[in-house]
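# Coordinate analysis (summary)
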Number of protein chains: 2
Amino acid sequence: MGRTTIHDIAKELNTTAATVSRALNDHPSISAAMKEIVRKTAHQLNYQQNRIASSLRSGKTFVIGVVIPSADISFFGSVIHGIEMVAKTHGYNVILFQTNERYEDEVQGIQTLLQSNVDGIIASITKETSNFDHFLEVKRRGIPLILFDRATDELGVSTVVIDDYKGAFMATEHLLQQGYTRIAHIAGPSHIKIFHERLRGYVDALAAHHIKIDEDLITYGKVSIESGRTCTQQLLQLQKNRPDAIFAVEDFTALGAMEAIKESQWNRPGQIGLVGFANEAFSAYITPSLTTIDQQTALMGQEAAKLLMDQQQAEQHHEKSPQKIVLEPLLIQRQSSMRRQTKQKTAS
Amino acid sequence: MGRTTIHDIAKELNTTAATVSRALNDHPSISAAMKEIVRKTAHQLNYQQNRIASSLRSGKTFVIGVVIPSADISFFGSVIHGIEMVAKTHGYNVILFQTNERYEDEVQGIQTLLQSNVDGIIASITKETSNFDHFLEVKRRGIPLILFDRATDELGVSTVVIDDYKGAFMATEHLLQQGYTRIAHIAGPSHIKIFHERLRGYVDALAAHHIKIDEDLITYGKVSIESGRTCTQQLLQLQKNRPDAIFAVEDFTALGAMEAIKESQWNRPGQIGLVGFANEAFSAYITPSLTTIDQQTALMGQEAAKLLMDQQQAEQHHEKSPQKIVLEPLLIQRQSSMRRQTKQKTAS
């Protein structure tokens, strides 16, 4: 069974599809009586007179589309909760599209959301994306667009990010304060801004504490458990300058690092300090629990949704110039980096 | 700036919206030349001639809507990957709506997806849902609907589930085979079919091994980490018949149970066996790693998407009678339930 169309309604009423279309769109050329009978018939035939159909003129569907690289990562799940919280208060529903970190899927996702006539799009860019034409198309159509976390300034749209540089600085400084001195960094692909910022934060924290950068202690991973494990195994094979702590670019990498440390001969508590980044859901529950940087994910989602709501309202008036909201990172201290405390425990 | 509508195009061409509509819909009453000029103008004015607009007759958008209780649970993430895999091969895109386990949100989600003119819906029902009118509306509109995991037979639609009864039976039997004899069960709300089936599997496995059911060892939790912790604390306070193993209804409950066990005086490896259900992403990485039941999530998603694709094709022909696919559960043996192995290790 196909969907009921204006042609079915027209046939039922012995009139033309054009008349039905005009009646449903409240066109002045159609009599009130005709409009009434068309609406009744549409209802009887179960015509899907949805907000999209009726919004061909008003341009409002009250649906926001959110594009995320992965629904598996709790970071994005938490941001979505923040978006939904604000969206719902404004009467908007949220649909999601996941890109699986693939550029092609991101292009498809934007097309699908435009096709669904969403009133606005909130997106975090895939690791692969370097061409932004699909996002420019969103702008060209006058659909409000907000980027979060994996943002770019190239598009001239409002963004919500956290201060990745500062978070990495805090993570590295925390390890220094715990008494670690040979701190390695498992970085992410440096063409992605957030990962590059974290690398910069790490380097600058060491410099601020007058510690010389050792190139051997910086390794570039692929942002995965497996890659974290491999990078750590390589770091632990260093002969004379083996690291006594690792700052991993994000929590999955840190999880792999933790496994490699546990399997190594340096597996006593506090022997090799470890800090991640992102405060993933599992980080509190692994053993040892993982010290990490919290990105205020729910707040990030809320701010992104608020920016979008502002733009919905601003549409009628003037275009606002793009805003950039930078959230503060939070250090979450757990067992994986606690050297002094562990030593005290051992001594007692 | 609002969206370009057929009225804008009509104004530009000094014609009527009805003519524009007919031209865009390839109506025979419009000349080829007029169609051409309307299309050109539509393009110049950036008219969103999307598949939805042009599918008012064909009824195809090539978008599938998936309704999930939560994007935070890796179980659903994995099912979505399975759905996407099959959908993409057939040229379909997938949009998601998360209900956060709320009935009201589920109703909103279904409305939003219908409004987005999806070609089909794949859903897993919230814990709260007992009224199925919104799903009946989907059926009434002739939109193919498939349920997975949290399914109901009430709607007469095709479903993909795993054999929860058998999975629970396997989990309980595994603990018996490890030498545990006083096996407790932290159940979920019993009005939800999958949780009730797991309770039945637990009871029947004990019965099959001639072990009398001890009502004190069955406790009803709320399917959360916190609830798993509280239920376990209560179980461990039992004086004469304290359990020596726990089968938790799902992995988050098991995670809470593991914390409570670690904090108790019975925290030596193998002292209290533990098995979860669902093989969540964290289950392999916590210490001890969690023995659990794998639900073949990717396969579940693939099967659900295949059923939907079948129905898309069957639409033109005959309605098929609803199909019920039941997948086999898999026991994933890890450290949390290994009694004998741990004992051997201690002895060596």
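On a predicted model such as this, the values are computed, not experimentally measured, just so you know. (Residues numbered from 1 in each chain as written. Chains lettered and ligands numbered in written order. Predicted model: local features only at pLDDT ≥ 70, side-chain atom pairs only at ≥ 80, totals over all residues. Heavy atoms only, no water.)

### So, the relation of the copies chain A and chain B
Its rotation angle being 180°, the transformation that places chain A on chain B also includes 0.0 Å of axial translation and leaves an RMSD of 0.2 Å. Taken together, the rotation and translation describe the operation of a two-fold axis. (Least-squares fit on C-alpha atoms with pLDDT ≥ 70 in both.)

### Considering the interface of chain A and chain B
If you look at the interface, chain A gives 58 residues, while chain B gives 58 residues. The contact between chain A and chain B buries some 5300 Å² in all, and 48% of this surface belongs to carbon and sulfur atoms. If you look at where chain A meets chain B, you find 2 salt bridges. One salt bridge connects K88 of chain A with D105 of chain B, and the closest N-O pair in it is separated by 3.2 Å. For the side of chain A that touches chain B, the elements supplying multiple residues, two or more each, are helix 2 (17–24), helix 4 (51–58), helix 5 (74–89), strand 2 (93–98), helix 6 (103–115), helix 7 (133–140) and helix 11 (251–263) of chain A. Considered class by class, the residues forming the side of chain A that touches chain B number 20 nonpolar, 21 polar and 17 charged. (Contact = heavy atoms within 4.5 Å. Buried area = accessible area lost by both parts, 1.4 Å probe. Salt bridge = Lys/Arg side-chain N within 4 Å of Asp/Glu carboxyl O. Helix = DSSP H or I, 4+ residues; strand = E, 2+ residues; numbered from the N terminus. Nonpolar A, V, L, I, M, F, W, Y, C, P; charged D, E, K, R; others polar.)

### Description of the sheet that holds strand 9 (residues 273–275) of chain B
Residue and element names in this part refer to chain B. Ordered by their spatial adjacency, 4 strands build an open sheet running 7-6-8-9, and the pairing between neighbours is parallel. Bordering the open sheet on either side are strand 7 (218–220) and strand 9, each of which pairs with just one other strand. With direction set aside, neighbouring strand axes in the sheet form an average angle of 15°. With 4 bridges joining them, strand 6 (residues 183–187) and strand 8 (residues 245–248) adopt parallel strand pairing. The partner of H185 across the bridge, within strand 8, is F247. With respect to the sheet, helix 10 (residues 225–236) is in contact with strand 6, strand 7 and strand 8, its orientation differing from that of strand 6 by roughly 150°. (Pairing = 2+ DSSP bridges. Axes fitted to C-alpha atoms, helices over the stretch in contact; angles between N-to-C directions.)

### Side note on the domain arrangement of chain A
Often the size quoted for an interface is simply the accessible area lost on bringing the parts together. Residues and elements named next belong to chain A. In terms of domains, chain A is made up of domain 1 (6–49), domain 2 (60–162 + 296–328) and domain 3 (164–294 + 331–337). Once you take the C-alpha centre of each, domain 2 and domain 3 turn out to be 30 Å apart. Every contact between the two is made by 11 residues of domain 2 and, on the other side, 13 residues of domain 3. With both chains or domains summed, domain 2 and domain 3 bury close to 1100 Å², and 46% of this area falls on carbon and sulfur atoms. (Domains from an automatic or database assignment.)

### A word on the sheet that holds strand 8 (residues 245–248) of chain A
All names here are of chain A. Pairing is parallel in the open sheet, where 4 strands are placed in the order 7-6-8-9. At either end of the open sheet lies a strand with only one pairing partner, and these are strand 7 (218–220) and strand 9 (273–275). Direction aside, the axes of adjacent strands within the sheet are offset by 15° on average. Contacts from helix 9 (residues 193–208) reach strand 6 (183–187), strand 7 and strand 8, with the element oriented near 170° to strand 6. Along the sheet, helix 10 (residues 225–236) contacts strand 6, strand 7 and strand 8; its crossing angle with strand 6, the most-contacted strand, is approximately 145°.

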